[in-house]
Amino acid sequence: MALLVHLNGIDEARWVELLRPLVSPMKVVQRDEDFDPHEITYVLAWKPDSGAFDGLTNLKAILSYGAGVDALLDCPGLPDDVPIVRFVDPDLTSRMRDYVVAEVLAHSRLETRFRAAQLQSRWQEAVPPRAEDLNVGVMGLGVLGQAALSALSVFDYERLGWSRAQTVVAGVQSFSGPDGLDRFLSRTDILVCLLPLTPETRGILNRQTFGKLRRDVLPFGPVIINAARGGHQVETDLVLALTDGTLGAASLDVFETEPLPATSPLWGLPNCRITPHIAAVSDPQAGATYFARVIRDHEAGAPLPNLVDRERGY
Ligand code: NDP
Ligand code: OXD
């Protein structure tokens, strides 16, 4: 029995060091160590290389370092009969909640406009709208979307949500499915994307979507905040919309290509707030504790938590 740690772009050694005492006596190995593929019963993976699962014939579960599993599900050679557990954790959830609250507040106070004016030593007397006049719509009413909406309840925004199935969230007007999308968008001033990336949601943040948002409350136009995946946004549409006034501003934590190339016109847009996919990172200590618990509990006979539904793609 052993746990293989396969984390691309992450300090893999640090995770191994933290996991070892927590799952002992189970062996924990890194990709470059010597191990027998048949002894691997769990893999902790992030953006796995193609062939990452080759020869791993005794897997009991694949553990996703991230809450989003799009890259994992796209991995060539991913075994189709092994359950996938994703990372769902209060630490990650509160990081995302805080990112969304920070960005919604910044845009409701017209931050990008005042920042641009300051850089030009210009006194710009624009007046932010009252919070009670602003509608914040969250796409995705899962763990992260609901946490963000719940935190936003302390302000006076009207809160809206959109999901696949009709979802009841206290104090939130919810919409569902393709039929509910336009009604949801037409009432939204600040659109927050917290969807998983699936064939249905790829490219959903496009020019058509931007054009359907409510235009008459924020003085410079509606805003989008994308903290989900770069594949949700069509960046050429975004650049155009942020330039021609279809959108007043944006906050982007994720990009079609990461790191965002230095040549991207998004960098130069004063009404676009950019962060490098850090809205909610998987904290090594919290993650090691979570995954060790999943393994220990499963070895003791408990069912695996937070399973990915491969049919739905999240
Ligand atoms: P969940 O699986 O808990 O929630 C997903 C939500 O999206 C559900 O409400 C689901 O609807 C909805 N949804 C899925 N497909 C559609 C669709 N076609 N139409 C409408 N709604 C849909 O995910 P989490 O909240 O845990 O995470 C969301 C995403 O956030 C992750 O997939 C990941 O990509 C991203 N993320 C980004 C991070 C960052 O640092 N930038 C960090 C962590 C996550 P229903 O309820 O009906 O199933
Ligand atoms: C995740 C992420 O999916 O960090 O958890 O993007």
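Structural data are supplied above this passage.
So, here is what we can say about the structure in this document. (Residues numbered from 1 in each chain as written. Chains lettered and ligands numbered in written order. Predicted model: local features only at pLDDT ≥ 70, side-chain atom pairs only at ≥ 80, totals over all residues. Heavy atoms only, no water.)

## Quick notes on the site of ligand 1
Then, number 1: Near ligand 1 lie 28 residues; those nearest to it are R86, L141, A165, A227 and Y314.
Then, number 2: Contact distances for ligand 1 include 2.8 Å between a nitrogen atom and a backbone N or O atom of A227.
Then, number 3: Expressed as a share of its isolated accessible area of 940 Å², the protein-covered part of ligand 1 is 91%.
Then, number 4: Of all the secondary structure elements, the ones that give two or more residues to the shell around ligand 1 are α5 (143-152) and β7 (158-163).
Then, number 5: For the shell around ligand 1, a count of residues per class yields 16 nonpolar, six polar and six charged. (Near = heavy atom within 4 Å. Polar contact = N/O pair within 3.5 Å; in protein donor to acceptor, adjacent residues only side chain to side chain. Areas by Shrake-Rupley, 256 points an atom, 1.4 Å probe, with all protein chains shown as cover. Helix = DSSP H or I, 4+ residues; strand = E, 2+ residues; numbered from the N terminus. Nonpolar A, V, L, I, M, F, W, Y, C, P; charged D, E, K, R; others polar.)

## As for the nonpolar core
Then, number 1: Grouped together as the largest cluster of nonpolar side chains are 56 residues, with contacts concentrated most on L3, L44 and L63.
Then, number 2: Setting aside residues up to four positions removed in sequence, L3 forms contacts with L19, M26, K27, V28, V29, Y42, V43, L44, L63 and I295.
Then, number 3: Counting residues in hydrophobic clusters, the runner-up holds 28 residues, among them L181, I224, A228 and C272. (Core = buried A, V, L, I, M, F, W, Y, C linked by side-chain atoms within 4.5 Å. Buried < 20%, exposed > 50% of the residue type's maximum accessible area, 1.4 Å probe, protein only. Contact = heavy atoms within 4.5 Å.)

## Concerning the site of ligand 2
Then, number 1: In the region of ligand 2, the neighbouring residues are W46, G66, A67, G68, R229, H277 and A280.
Then, number 2: Between ligand 2 and A67 there is a distance of 2.7 Å, counted from an oxygen atom to a backbone nitrogen or oxygen.
Then, number 3: Here an oxygen atom of ligand 2 and a side-chain polar atom of R229 are 2.7 Å apart.
Then, number 4: Isolated, ligand 2 exposes 210 Å² of accessible area, and the fraction of that covered by the protein chains is 88%.
Then, number 5: Looking at the shell around ligand 2, its residues break down into three nonpolar, three polar and one charged.

## So, helix α3 (residues 90-108)
Then, number 1: With 19 residues, α3 should reach 27 Å at 1.5 Å per residue; the first-to-last C-alpha distance of 26 Å fits that figure.
Then, number 2: Structurally, the start of α3 carries an N-cap: the backbone nitrogen of D91 is 2.9 Å from a side-chain oxygen of D89.
Then, number 3: Directly after α3, the chain includes L110, whose backbone phi takes a positive value near 60°. (Expected span 1.5 Å × (residues − 1).)

## Focus on the pattern of salt bridges
Then, number 1: Applying the stated rule across the entire model yields 19 salt bridges.
Then, number 2: The partner of K60 in a salt bridge is E299, and the shortest N-O contact between them spans 2.9 Å. Taken together, the residues K60 in the loop between β3 (40-46) and β4 (61-64) and E299 in helix α9 (residues 284-299) connect sequence positions 239 residues apart.
Then, number 3: Residue K60 is classed as partly exposed on the basis of its relative accessible area, which comes to 33%.
Then, number 4: E299 sits in the partly exposed class, given a relative accessible area of 32%.
Then, number 5: We note a salt bridge from R130 to D133, for which the minimum N-O separation is 3.0 Å.
Then, number 6: Connected via shared salt-bridge partners are E12, R31 and D49. (Salt bridge = Lys/Arg side-chain N within 4 Å of Asp/Glu carboxyl O.)

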